[in-house]
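In case you want the letters, here they are:
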Amino acid sequence: MSSDPKLLEGSIAVSQPFDLDVCLNSGQAFAWFQRENAWLGAIRQTAFALRQEKDRLFYHTSAPSFPESDALLRHYFALDDDYEKIRRRLPRDPFLRSAMRFGAGLRILRQDPWECLAGFILSSAKQIVHIRQIWQEVARRWGMPLELRGEGEGVAQPPPAVKKNTAGGGCATWLPVYSFPDPDKMAVLSEADLRSCGMGFRAPYLLHAAQQIAGGEPDLASLRNLPVEKAREKLMRLRGVGQKIADCALLFSLGKNEAFPVDTWILRVLRRVYFRNKRRVRPARLRSFAAGHFGPHGGLAQQYLFHYARMHPHFLAR
DNA sequence: GCCCAGGCCATTT
DNA sequence: AAATGGCATGGG
């Protein structure tokens, strides 16, 4: 219960455009799942249950202290970035502006590079719901169980103000949260281990990436300090990592705000809106257009477009 | 049963 | 260079 001294509850006042649901449901991170009114997941080795109410982010966490939980959340959601200012630097084209209005509160997460890369290796030719399922299975089997309350319970409590399931007088049951296994941990698994999580032909790619990264090549953390082209080139040396997956890792975990991943949704949006419905415009052309048009914060623009398209499937129909 | 999914790779034209 | 087909698996 909330009287458990091990359970840390807190909240953060957010004075920024911020919508938790949009951030965690926009296909950036696959580690979070919704239970009742809360999002459950982990930031590296720290479990959180999150719920937003207006301009306040409420949480329960396994973090040992408020300074640590506060810092983790502020960093992960980039709450100290000035998104009003960033949004003003995006182009004023009408379609982007309406996508920005629709997705107000969307932010680029600052994920762990390994987790982000692994998630997007799993993402190819998969729907987001299924990527989440595979992620959870991998985490459940080889990650660390993270207790949101005292040791031995294995059950997380809902965050503040979340309604409990009062049927039968019992508390709601919350699934335990697991961290995602490190490269070292994954590197010693077999391809069959990974395949048994349902990831199919992506298994050898993920295993190879884990082994490479565990061996220090590439050193993901150091990619942050390279120019985006060099960092992308290193990522693309990994089998199963093309430009799209590399750009996702660069944008969502390595601070490359100009990275503009072109996936099937963005492909269709750009062709339809910015190339007047022309078929046969090739991805390379779209990428160079996007780099020039959307500029140094193109990645955020890309997320607005992606989110808008995915929430308006009829818009791209036909 | 169909279809396709935040792709990538090897193989053909 | 640019267009295919194959790849595993599950959800709609």
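In case you missed it, the structure is sitting above this.
Along each chain, numbering runs from 1 in the same order as the chain's sequence is written. Chain letters start at A and ligand numbers start at 1, both assigned in the order the entries are written. Confidence filtering applies because this is a predicted model: local features only for residues at pLDDT of at least 70, side-chain atom pairs given and counted only at 80 or more, and all residues used for totals across whole chains, interfaces and linings. Heavy atoms from the whole structure form the basis of all side-chain values; hydrogens and water molecules are not counted.

Q: It is not clear to me how the pattern of salt bridges should be interpreted in this structure. Could you clarify?
A: It is possible for side chains of opposite charge to pair when their charged atoms get near one another. Just to be clear on terms, a salt bridge is a Lys or Arg side-chain nitrogen sitting within 4 Å of an Asp or Glu carboxyl oxygen. Applying the stated criterion across every chain, the model contains 11 salt bridges. Across the salt bridge formed by Arg74 and Asp70, the nearest N and O atoms sit 2.8 Å from each other. With Arg74 and Asp70 both in helix α2 (residues 66–76), this residue pair falls four residues apart, about one helical turn. Classification of Asp70 as partly exposed rests on a relative accessible area of 24%. Comment: elements are numbered from the N terminus, with helices defined as DSSP H or I runs of at least four residues and strands as E runs of at least two. Three labels apply to residues, based on accessible area from a 1.4 Å probe with only protein chains included: buried if under 20% of the type maximum, exposed if over 50%, partly exposed otherwise in between.

Q: Even after reading the chapter, I still don't get the sheet that holds strand β5 (residues 56–61), so can you show me in this structure?
A: Strand pairing within a sheet occurs via backbone hydrogen bonds; the two strands may be parallel or antiparallel. We call two strands paired when DSSP finds no fewer than two bridges between them. Spatial ordering of the open sheet is given by β1-β5-β4-β3-β2, a layout of five strands whose pairing is antiparallel. Edge positions in the sheet fall to β1 (8–13) and β2 (33–35), since each has one partner strand and no second. Taken pair by pair, the neighbouring strands of this sheet meet at an average axis angle of 30°, ignoring direction. As paired elements, β1 and β5 share six bridges and run antiparallel to each other. Under this scheme, a helix contributes an axis fitted over its contacting stretch, all axes are lines through C-alpha atoms, and angles between N-to-C directions fall in the 0 to 180 degree range.

Q: Help me out: how do you make sense of the packing of aromatic side chains in this one?
A: Geometry of an aromatic ring pair is reported as the spacing of the ring centres plus the angle between the planes. Working definition: rings of Phe, Tyr and Trp (its six-membered ring) pair if their centres are within 6.5 Å, and the pair is stacked with planes under 30 degrees apart, edge-to-face with planes over 60 apart, and tilted otherwise. Evaluation of the coordinates by the stated rule reveals 18 aromatic pairs. Plain terms: the ring middles of Phe95 and Phe315 are 5.2 Å apart, the flat faces sit at 20° to each other, and that makes the pair stacked. Of the two residues, Phe95 is situated in helix α4 (residues 94–102) and Phe315 in helix α16 (residues 313–316); the sequence distance between them amounts to 220 residues. Their ring planes at 80° and their centres at 6.2 Å tell us that Phe289 and Phe294 sit as a pair that is edge-to-face. Residue Phe289 is classed as partly exposed on the basis of its relative accessible area, which comes to 22%. Taken together, the aromatic side chains of Phe95, Phe102, Phe260, Tyr274, Phe275, Phe289, Phe294, Tyr308 and Phe315 make up a single cluster linked through ring pairs.

Q: When you look at helix α15 (residues 298–311) in this model, what are you seeing that I'm missing?
A: An α-helical segment advances 3.6 residues per turn. Residues three or four places apart therefore align on the same side. Given the number of residues in a helix, its expected span is that number minus one, multiplied by 1.5 Å. With 14 residues, α15 extends 20 Å from end C-alpha to end C-alpha; this agrees with the ideal 20 Å at 1.5 Å per step. Taken across its 14 residues, α15 has 12 buried, putting it largely inside the fold. Where α15 is concerned, the buried positions are Gly298, Gly299, Leu300, Ala301, Gln302, Gln303, Tyr304, Leu305, Phe306, His307, Tyr308 and Ala309.

The values reported here are purely geometric and, on their own, carry no functional implication.
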